[in-house]
Amino acid sequence: MQVLPGRTITGMSAILLPHLDSTTVDWASLDAHIARTHEAGLTPAVNMDTGYVQLLDADTRTQVLDRAEAITGGDFVAGAFVADELGATFDLDAYLRAADEITSRGGLPVVFPSHGLNDHGDAAWLDAHGQLAGQLERFIGFELGPMFVPYGRIVSLDTYRGLLEIPQCVGAKHSSLNRQLEWDRLALRDEVRPDFMVLTGNDLAIDMVMYGSDYLLGLSTFAPDKFAERDRLWAKDDPGFYPLNDVLQYLGHFTFRPPVPAYRHSAAMFLQMRGWAESDAVPGGAPMRPDSDREILRDIGEQLQVI
């Protein structure tokens, strides 16, 4: 793949949902984090995996949307999440209800994975997105690998081509953590539909933006200010991009090690160190990191000049 210097990068940052304890959301810290992300020039992405959407009740998910709308004026994206179980069929009405909660507040829905969407093969996956396109003006697709959730799915390249042919789908987040699969999607995008956003979700290869990917990352919630700075350096073809990207990638490799979902606790610890969260608490059922991580996180924060 060809490196594309001087390109303006579209950055979307999955917002961590801070907690005061295992059952209490830290709403003040959430509001501040949405605001600082938006002010940095990144699009806040709420109710994603980083925001524990799978663990939230409906009222909490709705309150997150209300706050995102109030803070950004509708300039946000959000996961259209449908809770189901193994063996479920695709529930179009439930997805449309979830999407309507987002679009009615000005946001852009991201079609979040579920058993009903992902468990029935690539053809059914593509057909489901076609059904959504019949009812929605715009949406973002989402390939999420099973290392993140057990109902994740990465589709074939032929199936991805079919997604590119759905005009209402304006982009898709790709979270396989595999460079080659993403490079293949970029090449196909350039051939078939150049305006389509390939949104990298590869927190282990955040330099995919050098090759034409945009991003919707969980890692950027640790430091939206530094990601925005990095993106500006790339747009100016400034070599300062590389050392900053290197430290951010070090942060990604450390915090997205197995078990991958524990990166959210890493983020909570880092935000607390930055003074951006009251606590490093996570909701009940979310995996945690050992306290020994703090020393390494502090070293990375000092390298980034944020701690």
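A brief report on the enclosed structure follows.

### A few points about the overall build of the protein
A count of helical and extended segments in the protein gives 11 helices and 10 strands. Scaling as 2.2 N^0.38, a compact globule of 307 residues should have a C-alpha radius of gyration of about 19 Å, and the protein matches this with 18 Å. Structurally, the protein occupies a C-alpha span of about 50 × 45 × 35 Å along its principal axes. When burial is assessed residue by residue, the protein has 59% of its 307 residues classed as buried. Within the protein, counting contacts between residues at least 6 apart in sequence, those at least 24 apart form 74% of the total. As displayed, the protein has an accessible area near 11800 Å², and 49% of this comes from carbon and sulfur atoms. Of note, the protein has its 24 positive side-chain charges centred 3 Å away from the centre of its 44 negative side-chain charges.

### Focus on the pairing of strand β6 (residues 108-111)
In β6, alternate side chains face the same way, and those of L108 and V110 on one face and P109 and V111 on the other are all buried. The β-α-β motif built from strand β5 (residues 77-80), the intervening helix α3 (residues 92-103) and the parallel element β6 has right-handed crossover chirality.

### Considering the side chain of H115
Counting through the fold element by element, H115 comes out in helix α4 (residues 115-118). A relative accessible area of 12% places H115 in the buried class. Reaching out from H115, the side chain makes a polar contact with the side chain of D119 at a distance of 2.7 Å. The residues touching H115, leaving out its near neighbours within four places in the chain, are D84, E85, L86, A88, H120 and Y151.

### Looking at the nonpolar core
Ranked by size, the top nonpolar core spans 103 residues in total, and within it V46, Y160 and L216 carry the most contacts. It is helix α10 (residues 263-273) that contributes the most residues to this core, 7 residues altogether. For Y160, the residues in contact, after removing those within four places along its chain, are E143, V155, A172, R185, L188, F196 and V198.

### Notes on helix α9 (residues 241-255)
Compared with the 21 Å implied by 1.5 Å per residue over 15 residues, the 21 Å span of α9 between its first and last C-alpha is a close match. Taken together, the buried residues of α9 touch α8 (224-235), α10 and α11 (293-303).

Thresholds, definitions, all that
- Numbering of residues starts from 1 in each chain and follows the order in which that chain's sequence is written.
- Predicted model: local features are reported for residues with pLDDT of at least 70 only, side-chain atom pairs are reported and counted for 80 or more only, and whole-chain, interface and lining totals are derived from all residues.
- Side-chain descriptors were evaluated using all non-hydrogen atoms of the structure, hydrogens and water having been removed beforehand.
- Only DSSP runs of H or I covering at least 4 residues are called helices, and only runs of E covering at least 2 are called strands; the numbering of each starts at the N terminus.
- Taken over C-alpha atoms, the radius of gyration is set against a globule rule of 2.2 Å times the number of residues to the power 0.38.
- Whether a residue is buried, partly exposed or exposed follows from its accessible area with a 1.4 Å probe, protein chains only, as a fraction of its type maximum: under 20%, in between, or over 50%, in that order.
- When checking whether two residues touch, look at their non-hydrogen atoms; a contact exists if any pair is within 4.5 Å.
- Each accessible area value is a Shrake-Rupley result obtained with a 1.4 Å probe; residue values ignore everything except the protein chains displayed when judging cover.
- The charged-residue count follows a simple rule in which Lys and Arg add positive charge and Asp and Glu add negative charge, with His and chain termini not counted at all.
- By convention, the point assigned to a charge is CZ for Arg, NZ for Lys, CD for Glu and CG for Asp.
- The handedness of a crossover follows from its direction of travel: if, with the strands pointing away from the viewer, the path from the first strand over the helix to the second runs clockwise, the crossover is right-handed.
- Polar contacts, as used here, are pairs of N or O atoms within 3.5 Å; protein pairs need one atom able to donate a hydrogen and one able to accept it. Residues neighboring in sequence count only if both atoms are side-chain atoms.
- Take the buried residues of types Ala, Val, Leu, Ile, Met, Phe, Trp, Tyr and Cys, join any two whose side-chain atoms come within 4.5 Å, and each joined set is a nonpolar core.
- In this analysis, the expected span of each helix is defined as 1.5 Å times one less than the number of residues it contains.

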